[in-house]
Amino acid sequence: QVQLVESGGGLVQAGGSLRLSCAASERTFNYYKMGWFRQAPGKEREFVAVINWSGDRIYYADSVKGRFTISRENAKNTMYLQMDSLKPEDTAIYYCAAGSNSFIYYTNPRQYDYWGQGTQVTVSS
């Protein structure tokens, strides 16, 4: 059982930056693909970014491409999401997730087996 804990959320002005972290409970973290999703009030959970176990396969949602950067440090069992040029529409609860290293339907939350509790990101205009 993998436990995931997000941190780094907060309130920031439009144009600002935040760095989210996701710490995993065990070293088998290395064998999972890791993803970030977000959910705004009244909306469905949506895919943000995903990274494979070795860090050389990365995909982003079009809405964040060029502004967000996903990365991971397997030695620290930790994944990151660097968010720059934030916009009010980025406001949401951000969740990290872990799933098998298959990349079929990687934007579908159902492809992920483990989830963190979420961290709130609020971007003011």
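Before reading on, note that the structure itself is shown above.
Remember, it's a predicted structure, so these values are computed and weren't measured experimentally.

1. A word on the pattern of salt bridges
Within the structure shown, the criterion is met by five salt bridges. Between Arg67 and Asp90 there is a salt bridge, and its shortest N-O distance comes to 2.8 Å. Here Asp90 lies in the loop between β8 (78–83) and β9 (92–99) and Arg67 lies in the loop between β6 (58–60) and β7 (68–73), a separation of 23 residues in the sequence. We classify Arg67 as buried; its relative accessible area is 11%. Taken together, the salt bridges that share partners define one network made up of Arg38, Glu46, Arg67 and Asp90.

2. Let's talk about the sheet that holds β7
Strand order in this open sheet of four strands is β1-β3-β8-β7, and the pairing throughout is antiparallel. At either margin of the open sheet sits one strand with a lone partner, and together these are β1 (4–7) and β7. Between one strand axis and the next, the sheet turns through 15 degrees on average, direction left out of account. Bridge count between β7 and β8: six bridges; the pairing is antiparallel. Bridge pairing in β8 places Ile70 opposite Leu81.

3. What about the state of the cysteines?
As enumerated under the stated definition, the model contains one disulfide in all. Disulfide pairing is shown between Cys22 and Cys96; the S-S distance is 2.1 Å. Between Cys22 and Cys96 the sulfur-sulfur dihedral comes to about 60 degrees; the bridge is accordingly right-handed. Placement of the pair is Cys22 in strand β3 (residues 18–24) and Cys96 in strand β9, with a sequence separation of 74 residues. By relative accessible area, which is 0% here, Cys22 ends up buried.

4. Regarding the nonpolar core
Among the nonpolar cores identified, the biggest contains 34 residues, and Leu4, Trp36, Leu81, Met83 and Tyr94 are the most heavily contacted of them. Of all the secondary-structure elements, those providing two or more residues to this core are β3, β4 (33–39), β5 (46–51), β7, β8, β9 and β11 (119–124).

5. Some details on unusual backbone geometry
Positive phi, close to 50 degrees, is recorded for Ser85, a residue that is not glycine. Take Ser85: it is sitting in the loop between β8 and β9.

6. A look at the pairing of β11
Side chains Thr119, Val121 and Val123 project from β11 onto a buried face, and the interleaved Gln120, Thr122 and Ser124 project onto a face without burial. Of the pairings in the sheet, the one linking strand β2 (residues 10–13) to β11 comprises four bridges and is parallel in character. Residue pairing for β11: Gln13 is matched across the bridge by Ser124.

Definitions and cut-offs
- Residues numbered from 1 in each chain as written.
- Predicted model: local features only at pLDDT ≥ 70, side-chain atom pairs only at ≥ 80, totals over all residues.
- Heavy atoms only, no water.
- Salt bridge = Lys/Arg side-chain N within 4 Å of Asp/Glu carboxyl O.
- Helix = DSSP H or I, 4+ residues; strand = E, 2+ residues; numbered from the N terminus.
- Buried < 20%, exposed > 50% of the residue type's maximum accessible area, 1.4 Å probe, protein only.
- Pairing = 2+ DSSP bridges.
- Axes fitted to C-alpha atoms, helices over the stretch in contact; angles between N-to-C directions.
- Disulfide = S-S within 2.5 Å.
- Core = buried A, V, L, I, M, F, W, Y, C linked by side-chain atoms within 4.5 Å.

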